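Below, each chain spelled out in residue letters.
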Amino acid sequence: MFELDEDLRALQEAARAFARERMLPEAPRWDAEEIFPVEVLREAASLGFAGLFVREDVGGTGLSRLAGAVLFEELAAACPYTAAYISIHNMVAWMIDAFGSEEQRRRWLPDLCTMAKFASYCLTEPHAGSDAAGLRTSARREGDHYVLNGTKVFISGAGASDVYVVMCRTGGEGPHGISAVVVEKGTPGLSFGRNEEKLGWHSQPTATVTFADCRVPVANRLGEEGEGFRIAMRALDGGRINIAACSLGGARACLERAMAYVQERRQFGRPIADFQNTQFRIADMYTELEAARLLTWKAAAALDAGAPDAAMQAAMAKRLATETGWNVVDGSLQLFGGYGYIRETGIERYLRDLRVHRILEGTNEIMRLIVARRLLGRR
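All values derive from a computational prediction rather than experimental measurement. One numbering rule holds for all chains: residues counted from 1, following each sequence as written. In keeping with the predicted nature of the model, local features appear solely for residues at pLDDT of at least 70, side-chain atom pairs appear and are counted solely at 80 or more, and the whole-chain, interface and lining totals rest on all residues. Computation of side-chain values: all heavy atoms of the structure, hydrogens and water removed.

Caption draft 1: Geometry of the state of the cysteines. The definition used for a disulfide is geometric: two cysteine sulfur atoms within 2.5 Å. Counting across every chain of the model gives zero disulfides. You can see Cys 214 has no disulfide; the closest cysteine sulfur is in Cys 168, sitting 9.9 Å from it. Throughout this description, buried means an accessible area under 20% of the type-specific maximum (1.4 Å probe, protein chains only), exposed means over 50%, and partly exposed covers the range between. Look at Cys 214 and you get buried, because its relative accessible area is 0%.

The structure is reproduced here in structure tokens:
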């Protein structure tokens, strides 16, 4: 896959136009004032961007993972944190579509596909980050309800979202004791902490989610008891491709600005684009970004095809694209010199926002572990 077909090019252009016209002009203000851009998100949903991987019978767009990668790169070129929230929302919608019953699909997905309601993914806990299978949030069954107790941390959209897919322990220790349960906002016993003060992603609320004797119908469980960890990991395969694409988009935007700037900025009587050091930097950053994009597209195609090594492909793409993206943004800032460090230039916003991509959806250290274990036959 070296060239996009006509449909993908049309999607790319539509996403680019929306990002350029509706996201880019407002992104600095959303960042500075910590605004969760509800109306713009719903405009994105009206274009089909909120149910990308959901079947059409409940309002989804039914696109491929490759199409998603193309789209998220374009959105992130304007605003990485808004693109990342759209990715998370889509991840939850896909979980309900892929593993929910027909009743569950029709109950939740029409509103999620229009973003009349927003969604959050709840896996990480204070003592269970990379060791996700060690989570402690419990779900004790009492008749036709589960009673949830526990805490989730660093939850994107917490407090603003209406639907929370929660991984919780319904059985014994380890991954096979985990189930996935949908908890709706307003359920007694569900509460939220303060909005975290973060380095970046300022427009996206991030908070603790607490369950205190929170009673949730058993009918809200996705799949069977004990399938939650598998469902969560399947969702993360797609999420990793999306966040890789978000890194590509943010980095590409900064590199394009840097390429324009070095042709205008003059030092020693010449544009700094004339200096070999500048040319080598630009060449290397462009080449590395292109390589990361191709690996991301390959991983997306593997996931679409149901390839047996799709999880490894997604991990490789996520690791390479997020590290390359960070390096390209940092290198672009360096070409601006002191001007790159001030807000007016816009590069520093991307630097702050892309840093977390090497942590979320599984740290890059865990990505290396996934790859190595498959290659070496280790568990």
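Caption draft 2: Quick peek at helix α3 (residues 38-46). Burial in α3 covers these residues: Val 40, Leu 41, Ala 44 and Ala 45. Taken end-on, α3 shows its buried residues confined to a sector of 150°, consistent with a single buried face. Across α3 from its buried face, at more than 90 degrees, point the exposed residues Glu 39 and Ser 46. Helix and strand labels come from DSSP, where a helix needs a run of H or I of at least four residues and a strand needs a run of E of at least two; each type is numbered from the N terminus. Note: the arc covers the axis-to-C-beta directions of the helix.

Caption draft 3: Spotlight on the pattern of salt bridges. What counts as a salt bridge is simple: a side-chain nitrogen of Lys or Arg found within 4 Å of a carboxyl oxygen of Asp or Glu. What the rule picks out here adds up to 29 salt bridges. Linking Asp 274 and Arg 270 is a salt bridge whose minimum nitrogen-to-oxygen distance equals 3.9 Å. Classification of Asp 274 as partly exposed rests on a relative accessible area of 38%. On the basis of relative accessibility, which here comes to 38%, the residue Arg 270 falls in the partly exposed class.

Caption draft 4: Representation of the packing of helix α7 (residues 228-264) against helix α10 (residues 347-355) in the model. Close contact between α7 and α10 brings their axes to 10 Å; oriented N to C, the two are set at 160°. One way to sum up the angle between α7 and α10 is to call them roughly antiparallel. Considering only the axes of α7 and α10, their crossing is left-handed. Where α7 approaches α10, its residues Ser 247, Gly 250, Ala 251, Ala 253, Cys 254 and Arg 257 are matched on the opposing element by Ile 347, Tyr 350 and Leu 354. Tallied by class, the residues present in the contact of α7 with α10 amount to six nonpolar, two polar and one charged. Convention adopted: a line fitted to C-alpha atoms gives each axis, helices being fitted over their contacting stretch, and angles between N-to-C directions are expressed from 0 to 180 degrees. Geometric relationships in this document are graded by angle, where less than 35 degrees denotes roughly parallel, more than 145 denotes roughly antiparallel, 65 to 115 denotes roughly perpendicular, and other angles denote oblique. It is the rotation of the near helix from the far one that decides the hand of a crossing: anticlockwise by less than a right angle makes it left-handed, clockwise makes it right-handed. Contact definition: two residues touch when any of their heavy atoms are within 4.5 Å. Here the nonpolar group is Ala, Val, Leu, Ile, Met, Phe, Trp, Tyr, Cys and Pro; Asp, Glu, Lys and Arg are the charged ones; every other residue, Gly included, is treated as polar.

Caption draft 5: Looking closely at the pairing of strand β3 (residues 145-156). Note on pairing: DSSP must find at least two bridges between two strands before they are called paired. Here strand β2 (residues 138-142) pairs with β3 via five bridges, running antiparallel. Paired with Arg 141 across the strands is Tyr 146, a residue of β3. Connecting the antiparallel pair β2 and β3 is a turn made up of two residues, with Gly 143 showing a positive phi of about 65°. Bridge count between β3 and strand β7 (residues 206-217): nine bridges; the pairing is antiparallel. Opposite Tyr 146, over in β7, you have Val 216 as the bridge partner.

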